[in-house]
Amino acid sequence: MTAAYPESRRDDVVDTLHGHQIADPYRWLEDPDSAETQDWVRRQNEFTQAELSTYPEREWFEATMSAILARPRAGVPAKKAGWYFAGRNDGTQAQDVVYVAESLEELLDGGRVLIDPNTLSADGTDSLGSFTVSPDGKYFAYGINESGSDWTTFRLLDIATGTAVDDGVTEAKFCEATWLPDSSAYLYLHYPPTGRSEGTETKSLTGGRLMLHKVGDPQSSDELVLSFPDEDRYFITPEVSEDDRYLVVHITEGTDPATRLWVFPITSDGLGDPVKVVDEFTDEIAFVRMSGDQLVLRTDRDASRGRVVLSSLDGTFTDLIPEGEATLQAVRGTAAGLTTLTLVDAQPVLTLYALDGSGARVVDVPGGGVVGLNASPEYDEIFVGLSTTTDPTLSYVVSAGSGSVRALPELVRGGGGFTPPSVTVTRRIAPGRDVPYFLITRSDLDFSQPRPTLMWGYGGFRIPVLADYRPGWPAWLAAGGVLVIANLRGGGEYGSDWHDAGRLKNKQNVFDDFIAVAEHLRDTRVTTPEQLAIHGRSNGGLLVGAVMAQRPDLFAVALPGVGVMDMLRFHLFTVGAAWASDFGHPDDASQFEDLLAYSPLHSLRDGTSYPATLVVTGDHDDRVVPLHSHKFIATLQHAQSSAAPILTRIEVNTGHGFGKPAAMVASEWADLLAFAAHHVGLVTPEQ
């Protein structure tokens, strides 16, 4: 590059933290609403677009991504209170439209539009975050997220007529509307705003309060059910048992899966005093359903890969489905008993059981990842959606009783658009560290020589990474690139021990695993460092930032998205303190040393040749606030010694990723893939 980067003012801010002098010259970029930050964002975006406009690969990726997002698609059906629901998109809509019907066949025939989120805002950036249905089937409670923010506003519709109900609550987060059995009221998690609740604020959240809202009453009269005013990091997740006897409440500390489980008896007078079934943060525990007077729970207590247990109200566990070699991901109640979703070497398996854990039957529903699993003890129908790296969703309906399977391609209305390539998925292991990964290639290409490769990873919060769909994958594969999806320690593919091996003092293992896969790709001549691009989002953005700083020689391109880059100050903003269970806490002297050792922002060194880098973030990201990306890119531009460009792409009116309009999704992926292709030598078909 010949042009100089946009100016980023450097201040002399220095903090003394646990005996270390920590310079923070771009602290001013932490204020997203200042005129100076907004001007910096504008100048960086203009600079990036000017650079990308010179790339010949961009036109092909723009056309291809537009065609991919123009494919008609549908979500996974759900049956609630006798109604059938599904999201559907004809390929031209920014947001999926929700349809409702009184039968599955009616839904497959088209159904009736219940709510069109595209009407919520002029630019299509407001999205439907969640929906629930009152037990009597009258009300549809939906959450609206504005501009991709986590802040949620709940509204009601009358399902039978589709008309709006004059009712709602605001300032909710991280929840859905949980209805009481008589349909008169629902629970939600309220967060008092710290000044405003628009999505650009950065102040640390206070603790959420579990509130009960009676339909028709003003929100000011809502009843406080449960709060922990001295514990800002507690999250509360309510659920009503299918027999209407209990309000089951999961209490977690931050993102740590360890759970306290309380049950509130539901009486004609309201909620009784809680019974504390489990009242310590030791094991992951998730309520599934009732079995007589006992609770069916999923847990990792004494079972790293998970098991299903019966629990009395005093917290005594007995095995129902013991731990196996597969990793237990989810359990749902059905009319016939239970269904489980397990991972066998990071590949999903659905199994049916009787309520006593007997009669296991594996269901033949192939796919790389599970998009949705909707079931209820009230119904025989189980709806499951699966994806592959090239197809977003194929839904099935499974009979819990007979085990019969029916594919539901009719959910998708219309056709045309992009036809994905045929691909080959191979399972490999990087030796030495024994890191598994998926190698995905276009089936008709010759791979006798190293090829441009895009490598994806995450490695955190016990979240499994599978060979599933992301809109950019089919475009990259269609262009002839190799795709690699790595299963790193810290994830959830192989149970809680695998997760523990990649968090806190073990976090460096995640980066070493990713590096090991990259080296194996090099050593086996799949690719070369000059042809290798890496990508990840959120915790995966942290991953990319860390490894490009530690091994800049190993990669040609880095694409960190909405990443956590400042590991010394992440806990000070919005919900950041919740991540201490995986990262550690900067206020703890010993954990501070670990964080400082890999913090991407603080690992960059002036005069170093770094890979060509394109950082992406959103100005309304109130989960991983954009200041992380802003400070990282300013520091990286200052440090870069080579001609490889350092760019940032800051989307306006979008957040962490959920609910992003289709056109914005297509545009962002086109820029990411064009940038990667340009710098790893991937020649697009028209070049």
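Data block above holds the structure.
These lines cover the structure that appears in this document, whether it is placed above or below.

### Topic: the sheet that holds strand S31 (residues 394-399)
Across the sheet, four strands lie side by side as S29-S30-S31-S32; this open sheet has antiparallel pairing. Each having just a single partner strand, strand S29 (369-374) and strand S32 (405-407) make up the two edges of the open sheet. Geometrically, the sheet is characterised by an average inter-axis angle of 25° between neighbouring strands, direction not taken into account. Across five bridges, S29 lies against strand S30 (residues 381-387) in antiparallel orientation. If you follow Asn374 over to S30, its bridge partner there is Phe383.

### Things to note about the packing of helix H6 (residues 508-523) against helix H7 (residues 539-550)
Relative orientation of the contacting elements H6 and H7 amounts to 70°, with a least axis distance of 10 Å. Between H6 and H7, the interaxial angle falls into the category roughly perpendicular. The interaxial crossing formed by H6 with H7 has right-handed handedness. Taken together, the residues of H7 that come into contact with H6 (itself represented by Gln508, Val510, Phe511, Phe514 and Ile515) are Leu543, Ala546, Val547 and Gln550. Looking at the contact of H6 with H7 residue by residue, the classes come out as seven nonpolar, two polar and no charged.

### Some words on helix H1 (residues 35-52)
Helical geometry: 3.6 residues make up each α-helical turn, so side chains three or four residues apart lie on a common side. The terminal C-alpha atoms of H1, which comprises 18 residues, lie 26 Å apart, in line with the 26 Å expected from a rise of 1.5 Å per residue. All of the buried residues along H1 are Thr37, Trp40, Val41, Gln44, Asn45, Phe47, Thr48, Glu51 and Leu52. Looking straight down H1, one finds its buried side chains confined to an arc of 165°; they lie on one side. Each element contacted by the buried residues of H1 is listed here: helix H2 (57-69), strand S39 (612-618), helix H11 (627-639), strand S40 (646-651) and helix H12 (662-680).

### Concerning the sheet that holds strand S25 (residues 327-334)
Read from one edge of the open sheet, four strands run S25-S26-S27-S28, paired in antiparallel fashion. At either margin of the open sheet sits one strand with a lone partner, and together these are S25 and strand S28 (361-363). If you compare each strand with its neighbour and ignore which way they point, the axes differ by 25° on average. Pairing geometry for strand S27 (residues 348-354) and S28, over three bridges, is antiparallel. Bridge pairing in S28 links Leu350 to Val363.

### What about unusual backbone geometry?
Excluding glycine, most residues fall at negative phi; most peptide bonds, likewise, are trans. One non-glycine residue with positive phi stands out, namely Phe461, at about 55°. Looking at where Phe461 falls in the secondary structure, it is placed in the loop between strand S35 (453-456) and helix H4 (472-478). Residue Phe461 is classed as buried on the basis of its relative accessible area, which comes to 16%. In this structure, Leu504 takes a positive phi of about 55° despite not being glycine. Along the chain, Leu504 turns up in the loop between helix H5 (496-500) and H6.

### Points about the packing of aromatic side chains
Scanning the entire structure with this criterion turns up 25 aromatic pairs. Considering the side-chain rings of Phe131 and Phe140, the 4.9 Å spacing of their centres and the 25° angle between planes classify their relative orientation as stacked. Residue Phe140 is classed as buried on the basis of its relative accessible area, which comes to 0%. Judged by centre distance (5.8 Å) and plane angle (90°), the rings of Phe174 and Tyr191 are edge-to-face.

### Quick look at the side chain of Asp150
Structurally, Asp150 can be placed in the loop between strand S9 (139-145) and strand S10 (152-158). When near neighbours in sequence (up to four residues on either side) are disregarded, Asp150 contacts Asn145, Ala172, Lys173, Phe174, Asp622 and Arg623.

### Observations regarding the pairing of strand S13 (residues 185-190)
In terms of burial, S13 is largely enclosed, as six of its six residues are buried. Residues Ala185, Leu187 and Leu189 of S13 are buried on one face, and the alternating residues Tyr186, Tyr188 and His190, pointing to the opposite face, are buried as well. In this sheet, S13 lies alongside strand S12 (residues 178-179) in antiparallel orientation, the contact comprising two bridges. Counted as the bridge partner of Thr178 is Leu187 from S13. Joining the antiparallel neighbours S12 and S13 is a turn of five residues, in which Ser183 adopts a positive phi near 65°. Bridging between S13 and strand S14 (residues 209-214) involves six bridges; their strand directions are antiparallel. Bridge pairing links Ala185 to Lys214 in S14.

What counts and how
- Residues numbered from 1 in each chain as written.
- Predicted model: local features only at pLDDT ≥ 70, side-chain atom pairs only at ≥ 80, totals over all residues.
- Heavy atoms only, no water.
- Pairing = 2+ DSSP bridges.
- Helix = DSSP H or I, 4+ residues; strand = E, 2+ residues; numbered from the N terminus.
- Axes fitted to C-alpha atoms, helices over the stretch in contact; angles between N-to-C directions.
- Parallel < 35°, antiparallel > 145°, perpendicular 65-115°, else oblique.
- Left-handed = near helix turned anticlockwise from the far one by under 90°.
- Contact = heavy atoms within 4.5 Å.
- Nonpolar A, V, L, I, M, F, W, Y, C, P; charged D, E, K, R; others polar.
- Expected span 1.5 Å × (residues − 1).
- Buried < 20%, exposed > 50% of the residue type's maximum accessible area, 1.4 Å probe, protein only.
- Arc of directions from axis to C-beta.
- Phe/Tyr/Trp six-rings, centres within 6.5 Å; stacked < 30°, edge-to-face > 60°.

In short, geometric facts, not functional conclusions.
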